[in-house]
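Examining the three-dimensional arrangement
Chain by chain, the residues:
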Amino acid sequence: MSQKILVIEDDLTLNRLIVGQLNRLGYETTGTGSWAGAEAHLSAHEPHLIIADVRLADGDILERLPDLARSQPVVVLTAYGSVRDAVGAIKAGAYEYLVKPTSPDALSLVVKRALDDAALRNDHRFCQQRLKARDSMANFMVGVSALLLKTKETIAAVGPTDVNVLIQGESGSGKELVARAVHECSGRARRNFVPVDCCSLQEKLFESELFGHERGAFTGADRLKRGLIEGAEDGTLFLDEIGEIEASIQAKLLRVLETGVFRRVGGTKNLEANARIVAATNRDLEAMSLDGRFRSDLFYRLSTFVIEVPPLRARRDDIPYLAAHFIQHHNFSRRINKRLSGEALRRLTAYDWPGNVRELRNVIERAIILSQDSSSIRPEHLAFGSSGGKSGVKVTVSFDHDPTLDELQAEYLRLQLHKQSGRRAKVAEVLDVSERNIYRMIRRYGLVDACGSGSRSAPG
Ligand SMILES: Nc1ncnc2c1ncn2[C@@H]1O[C@H](COP(=O)(O)OP(=O)(O)OP(=O)(O)O)[C@@H](O)[C@H]1O
Ligand SMILES: [Mg+2]
């Protein structure tokens, strides 16, 4: 790719001369004679270098230099003998000045040096950004376990590439956090991270939310609306709960991923999709794609790279750090000073955390409240297992047809078995039926596989 240079000079003979010389050297050079022309050019192009006369009929470059020089180096052209202008230009941020009329050698030398320096600085800035992203990731992903560190390394490695990432993990394990970290570690970090909750939107709405709609596309579409995918241009589109999207949307999404273009609802023009796709699910998407509940071609497109977020019980070393992190947060925001007692910490690290980090966060929050004026959080303040009634429970089961009651029951049971990590006693408690009944249903619906490691042999 050749480097682009903008020449701003109202002496048109000199302007043409410089443009001609630079083009012969292989640069892609554009000339303009006014500040207005320069502004129009800059709003549509991003030159790598600007060469500008100090004074133009419609403005003075010195005032604008500090601003201009932030985006690319500026070489200023000064009249012979006007030392004041030269000094002023350098002070205002110019890379270098050239005295008119410029010799071809001096011009080519300065231009090359300015472009090389800028490239170096950009590299340096890029490295610093990456380092900063890693630092901030370290700050917002709390934990020290080997599994978490490995996840962070994976994020740092895949973040800067542009490949699609699929994040899998149990509910509350930190999938959204990982998605944000992937974005922060990428060259897209300065653009938008746009989360889309795939299970909260219905088919028709989903399409116009995602792709936008043209004015008049349907009743109520009284103006053009850009979709989330446009909002994520050059940024990251985070498709949360991707396992829940309907077949028709799966097809449309696949088309975008395959062709790189999309259309607004009611539109006929193809628009380019520049968003990087990061998706998350707590379902086994591969299994779903094998038995036809999720398009396998879409699964392959989404899962170019897969990050598995380990459940909290598989990385117990993180528990003390996470607990301290959440307590510190409350201490700070409520101006209190609570500590965790040794015994309470032992309970926290021994517990299985089916709701993962989110459950730990909730347990700590409740403990802060339950411990009232006491400065230490003790075991009796820890209320495990209940949802705390703070966030409503949302149950999602999907079918490709209207399910029968039996099918619905079977699916819900499967979901609970998964959620409770196969612990039938716990499932029985949640569903408010006897444990023996749970065993019967498991056998009847053929759900033995869904019972996982928590299964034991059935009682008599
Ligand atoms: N390593 C971590 N350090 C600090 N906070 C964390 C960490 N992991 C998760 N959390 C916090 O736990 C909560 C749940 O995390 P998150 O929403 O990312 O999980 P999730 O896997 O997307 O959950 P769900 O499947 O329910 O959508 C959030 O408040 C998040 O900030
Ligand atoms: Mg989530």
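This structure is a prediction, so every number in the text was calculated from the model and none was measured. (Residues numbered from 1 in each chain as written. Chains lettered and ligands numbered in written order. Predicted model: local features only at pLDDT ≥ 70, side-chain atom pairs only at ≥ 80, totals over all residues. Heavy atoms only, no water.)

Let's talk about the domain arrangement of the protein
Domain boundaries in the protein define domain 1 (4–120), domain 2 (142–309), domain 3 (312–381) and domain 4 (405–454). Between domain 2 and domain 4, the C-alpha centre-to-centre distance is 31 Å. (Domains from an automatic or database assignment.)

Overview of the pairing of strand 2 (residues 28–32)
Here strand 1 (residues 4–8) pairs with strand 2 via 5 bridges, running parallel. Note that in strand 2 the partner of K4 across the bridge is E28. The β-α-β motif built from strand 1, the intervening helix 1 (residues 12–24) and the parallel element strand 2 has right-handed crossover chirality. (Pairing = 2+ DSSP bridges. Helix = DSSP H or I, 4+ residues; strand = E, 2+ residues; numbered from the N terminus. Right-handed = clockwise from strand over helix to strand, strands pointing away.)

Thoughts on the packing of helix 8 (residues 203–211) against helix 10 (residues 247–259)
At a closest axis distance of 10 Å, the pairing of helix 8 and helix 10 adopts a crossing angle of 20°. Classified by the angle their axes make, helix 8 and helix 10 are roughly parallel. For the pair helix 8 and helix 10, the crossing hand works out as right-handed. Contact with helix 8, carried on its side by E203, F206, E207, L210 and F211, involves S248, I249, K252, L253 and V256 of helix 10 and no other residues of that element. Taken together, the residues of the contact of helix 8 with helix 10 break down into 6 nonpolar, 1 polar and 3 charged. (Axes fitted to C-alpha atoms, helices over the stretch in contact; angles between N-to-C directions. Parallel < 35°, antiparallel > 145°, perpendicular 65-115°, else oblique. Left-handed = near helix turned anticlockwise from the far one by under 90°. Contact = heavy atoms within 4.5 Å. Nonpolar A, V, L, I, M, F, W, Y, C, P; charged D, E, K, R; others polar.)

Let's talk about unusual backbone geometry
K100 connects to P101 through a cis peptide bond whose omega is -10°. Looking at the secondary structure, you find P101 in the loop between strand 7 (96–99) and helix 5 (104–140). For D234, which is not a glycine, the phi torsion comes out positive at approximately 60°. One non-glycine residue, R335, adopts positive backbone phi at about 50°. Relative to the helices and strands, R335 resides in the loop between helix 13 (318–334) and strand 17 (339–340).

Side note on the sheet that holds strand 16 (residues 305–309)
Across the sheet, 5 strands lie side by side as 9-12-15-8-16; this open sheet has parallel pairing. Strands with a single pairing partner mark the edges of an open sheet, and in this sheet they are strand 9 (193–197) and strand 16. Sheet twist, expressed as the mean angle between neighbouring strand axes with direction ignored, is 20°. Sheet topology note: the strand 9/strand 12 (residues 236–240) ladder contains 5 bridges and is parallel. In the sheet register, D197 faces strand 12, and the bridge partner there is D240.

Some words on the confidence of the model for the protein
As a general rule, the predicted coordinates of low-pLDDT regions are not to be interpreted in detail. Overall, the predicted model of the protein reaches an average pLDDT of 87, with 92% of residues at or above 70. Segment residues 387–391: pLDDT under 50, and 3 contacts once partners within four positions in sequence are set aside and those in other chains are kept. Segment residues 453–460 is flagged for pLDDT under 50; beyond a separation of four residues in sequence, or across chains, it makes 14 contacts in the model. (pLDDT = per-residue confidence, 0-100.)

What to know about the sheet that holds strand 7
Taken in spatial order, the 5 strands line up as 2-1-3-6-7 in an open sheet, and their pairing is parallel. Pairing within the sheet leaves two strands with one partner each, and these edge strands are strand 2 and strand 7. Mean inter-strand twist for the sheet, computed between neighbouring axes without regard to direction, equals 20°. Packing against the sheet, helix 1 makes contact with strand 1, strand 2, strand 3 (49–53) and strand 6 (74–78), and its axis sits at approximately 175° to strand 2. On the sheet, helix 2 (residues 35–44) packs against strand 1, strand 2 and strand 3 and is oriented at approximately 160° with respect to strand 1.

A word on the packing of helix 16 (residues 405–419) against helix 18 (residues 435–444)
Where helix 16 contacts helix 18, the axes come no closer than 11 Å and their chain directions differ by 115°. Of the possible angle classes, the one that applies to helix 16 and helix 18 is roughly perpendicular. For helix 16 against helix 18, the interelement crossing comes out left-handed. In this structure, helix 16 uses D406, Q409, L413 and L417 to contact helix 18, whose residues at the interface are I438, M441, I442 and R444. Residues belonging to the contact of helix 16 with helix 18 are distributed by class as follows: 5 nonpolar, 1 polar and 2 charged.

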